[in-house]
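Coordinate inspection notes
Each chain is listed here by its residues.
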Amino acid sequence: MEYAAKITGTGSAFPQNRVSNIDISEKLALSGIETNDSWIRERTGIAERRMSMPGNSEEHNSSLGLAAAWNALKMAEKTPLDIDQIIYSTCTPDTILPSTACWLQHKLGAAKAWGMDLNAACSGFIYGLSIADQFICSGKAKTTLVIGAEVLSSIINWSDRSSCILFGDGAGAAVVERTQATSDQRILSTHLLSDGALWEMLHVPAGGSALPATPEIALQHLNKIQMNGREIFKVAVRTLSSFALKALKKNQMTVDMLDWFIPHQANFRIIEAVAKRLNLPMEKVLINVDRYGNTSSATVPTMLDEAVRDGRIQKGQTVLLDAFGAGLTYGSVLLRW
Ligand code: ACO
């Protein structure tokens, strides 16, 4: 028997606290750093983002993942005991040990599942879907929960105005199930690539075993995000376009055959430039960066969930998921809904 994988449920969750550009301007002004709403909107397309309240266990990474997982399970009409694996994409885990997948498994009561964390930064959900697809197609798994969840507010460098304005917190989830290889509704293809040579473009220098965090390190913000925004912008436009085209070529499809495009939501101008390169009308591009900012591995699954729930994505439609992230990492998934 040959198998394929399909998404049967999606879910998402965000912290309560909305942080507007004006809120950020006021916060930075306290340290003598200037920014403003119109600069942020114009350069990024972001109007607000959500941020977890530090110390609120309901808004820990695994708690946001849990709420998203319940929503996805409900849509898929599955229970936690139906899940046989949990792939949890995050670069902001609850704890180094145990994995956030284990925290989630415990909170969800998914007692029959194995779970692991996956760190591919903003490409993580796409990496996770690819792993789920492989396990399911090989017959090793039947029902997989793939999560993309972040509390990026925990690693924002508030002394760097060009990066601190970009990020937010949130979680997206998908239940991925076994179907027949001949099924119309399935994951059609996946493409992944990493380029560790470009690590410096986006990294957190300290807090790992190479440079454990100390009070001195924290004073220099070395346990927070360091980013070369201008260079990432260029790589992002190039690689999002090429991974979109790879997916289409693999399936002998052309851009006009796409119903929806869900790119990683880092910056509206990146998304617009990619659509232009692909000759794809903006009406087919799904965007939530204006309301949530860049939530790293949560951007793609939360956008997917929103568009499934509000009825934009309809059965039988072709959807392209496409991302880039720290690493650098790249990936695309083409699927028929
Ligand atoms: N408010 C006001 N002015 C600012 C701010 C700010 N928040 N940030 C930077 N500036 C200033 C700079 O200091 C600079 O001033 P100068 O000309 O006097 O030196 C000026 O604005 C222009 O700076 P640039 O860096 O050229 O601005 P740019 O148009 O490139 O926008 C941005 C910066 C938004 C970071 C953009 O480069 C970007 O979005 N890059 C992509 C980065 C990204 O998406 N990272 C997300 C992580 S990657 C991922 O998700 C995997």
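Definitions and limits used
- Throughout this description, residue numbers start from 1 for each chain and increase along the sequence as written.
- Only residues with pLDDT of at least 70 get local features here, since the model is predicted, and only at 80 or more are side-chain atom pairs given and counted; chain-wide, interface and lining totals rely on the full set of residues.
- To get the side-chain values, take all heavy atoms of the structure and skip hydrogens and water.
- Space inside and on the surface of the protein is sampled on a 1 Å grid over the protein atoms alone, with a cavity defined as a set of points where a 1.4 Å probe fits but cannot get out and a pocket as an open set with protein on both sides within 12 Å along at least 5 of 7 lines; lining residues have an atom within 4 Å of a point.
- Grid points are joined across faces, edges and corners, and a volume is the space filled by probe spheres set on the points.
- Secondary structure counts use DSSP, requiring at least four H or I residues in a row for a helix and at least two E residues in a row for a strand, with both numbered from the N terminus.
- The classification used treats Ala, Val, Leu, Ile, Met, Phe, Trp, Tyr, Cys and Pro as nonpolar, Asp, Glu, Lys and Arg as charged, and all other residues, Gly among them, as polar.
- Start and end positions for the domains come from either an automated domain assignment or a database one.
- Here a residue is near a molecule or strand as soon as one of its heavy atoms is found within 4 Å of it.
- Think of a polar contact as two N or O atoms within 3.5 Å of one another; within protein, one of them needs to be a possible hydrogen donor and the other a possible acceptor, and neighboring residues in sequence only count if both atoms come from side chains.
- Methods summary: accessible areas were calculated by the Shrake-Rupley approach with a probe of 1.4 Å, and residue burial reflects only the protein chains presented.
- Placement in a cavity or pocket follows one criterion, namely that more than half of the molecule's atoms lie within 2 Å of its grid points.
- In this analysis, strands are considered paired if DSSP registers two or more bridges between them.
- The handedness of a crossover follows from its direction of travel: if, with the strands pointing away from the viewer, the path from the first strand over the helix to the second runs clockwise, the crossover is right-handed.
- Here, two residues are considered to be in contact whenever any of their heavy atoms come within 4.5 Å of each other.
- The buried area of a pairing is the accessible area, by a 1.4 Å probe, that goes missing from both parts when the two are put together, added over both.
- Throughout this description, the term salt bridge denotes a Lys or Arg side-chain nitrogen within 4 Å of a carboxyl oxygen of Asp or Glu.
- Under the scheme applied here, a residue whose accessible area is under 20% of the maximum for its type counts as buried, over 50% as exposed, and between as partly exposed, the area being computed with a 1.4 Å probe on protein chains only.
- It is the directions from the helix axis to the C-beta atoms whose arc is reported.
- Axis geometry follows a simple rule: fit a line to the C-alpha atoms, using only the stretch in contact for helices, then measure angles between N-to-C directions, giving values from 0 to 180 degrees.

As a volume, the largest pocket reaches approximately 1300 Å³. In terms of lining, the largest pocket is formed by 46 residues, of which the most central are Cys91, Thr92, Pro93, Ser154 and Ile155. Looking at the lining of the largest pocket, the elements with two or more residues in it are strand 2 (18-20) and strand 9 (202-203). Class assignment of the residues belonging to the lining of the largest pocket gives a composition of 22 nonpolar, 19 polar and five charged. Counting contributing residues, the lining of the largest pocket receives three or more from each of domain 1 (3-180) and domain 2 (186-336).

As a structural note, the neighbourhood of the ligand is formed by 26 residues, with Thr35, Arg43, Arg230, Asn267 and Asn294 the closest of them. Take arginine 230: an N or O atom from its side chain is 2.7 Å from an oxygen atom of the ligand. One nitrogen or oxygen atom from the side chain of histidine 264 is found 2.8 Å from an oxygen atom belonging to the ligand. Coverage of the ligand by the protein chains reaches 78% of its 1000 Å² of free accessible surface. In this structure, the ligand is accommodated by the second largest pocket. For the shell around the ligand, the secondary-structure elements that each account for two or more residues are helix 2 (37-44), helix 6 (161-164), helix 8 (229-250), helix 9 (268-278) and strand 12 (318-325). Its residues assigned to classes, the shell around the ligand shows 13 nonpolar, eight polar and five charged.

Our next topic: the pairing of strand 5 (residues 114-118). Where strand 4 (residues 85-89) lies against strand 5, five bridges are found, and the strand directions are parallel. Its bridge partner being in strand 5, isoleucine 86 is matched across the sheet by glycine 115. For the crossover that starts at strand 4, traverses helix 4 (residues 100-108) and ends in the parallel strand 5, the hand is right-handed.

Turning to the domain arrangement of the protein, a few remarks are in order. Assigned domains of the protein: these are domain 1 (3-180) and domain 2 (186-336). In this structure, domain 1 and domain 2 have C-alpha centres spaced 14 Å apart. Each partner contributes to the interface: domain 1 provides 55 residues, whereas domain 2 provides 47 residues. Interface of domain 1 and domain 2: buried area, both sides summed, is about 3900 Å²; carbon and sulfur atoms make up 63% of it. Interface area lost by domain 1 to domain 2 is led by Cys122, Ile126 and Tyr127, which between them contribute 18%. Put simply, domain 1 and domain 2 have zero salt bridges between them. Where domain 1 meets domain 2, there are 26 residue pairs in polar contact (both at pLDDT 80 or more). Of all the secondary-structure elements, those providing two or more residues to the side of domain 1 that touches domain 2 are strand 1 (3-13), helix 2, strand 3 (48-50), helix 3 (61-76), helix 5 (124-137), strand 6 (143-151), helix 6 and strand 7 (169-180). For the side of domain 1 that touches domain 2, a count of residues per class yields 25 nonpolar, 21 polar and nine charged.

We now examine helix 9. For helix 9, the set of buried residues is Ile270, Ile271, Val274, Ala275 and Leu278. Buried residues of helix 9 fall within an arc of 135° about the axis and therefore sit on the same side. Those residues of helix 9 that are exposed and angled more than 90 degrees off the buried face are Lys276 and Arg277. Of the surrounding elements, those touching the buried residues of helix 9 are helix 8, strand 11 (260-263) and strand 12. Between the side-chain oxygen at the start of helix 9 and the backbone nitrogen of arginine 269 there is a gap of 2.6 Å, and the oxygen is on asparagine 267. Positioned one or two residues after helix 9, asparagine 279 has a phi angle of 65°, which is positive.

Okay, the pattern of salt bridges next. When charged atoms on two side chains of opposite charge get close, those side chains can pair. Across all of its chains, the model carries 10 salt bridges by this definition. Here arginine 161 makes a salt bridge to glutamate 34, at a shortest N to O gap of 3.9 Å. Of the two residues, arginine 161 sits in helix 6 while glutamate 34 sits in the loop between helix 1 (21-29) and helix 2, which places them 127 residues apart along the sequence. Looking at glutamate 34, the relative accessible area reads 48%, which means it is partly exposed. Two residues, arginine 291 and glutamate 306, come together in a salt bridge whose shortest N-O distance is 3.1 Å. Note that arginine 291 is positioned in helix 10 (residues 289-292) and glutamate 306 in helix 11 (residues 299-309), a separation of 15 residues in sequence. For arginine 291, a relative accessible area of 27% gives the class partly exposed. Salt bridges sharing partners connect three or more residues here, namely Asp290, Arg291, Glu306, Asp310 and Arg312.

Below, the discussion takes up the sheet that holds strand 12. Pairing is mixed across the open sheet formed by four strands, whose spatial order is 8-13-12-11. At either end of the open sheet lies a strand with only one pairing partner, and these are strand 8 (186-194) and strand 11. Across the sheet, the axes of successive neighbouring strands diverge by a mean angle of 10°, strand direction being ignored. The sheet contact formed by strand 8 and strand 13 (residues 329-336) spans eight bridges and is antiparallel. Across the sheet, the residue bridging to histidine 191 is serine 332, located in strand 13. The strands that helix 5 touches are strand 8, strand 12 and strand 13; relative to strand 8, the one it contacts most, it runs at about 125°.

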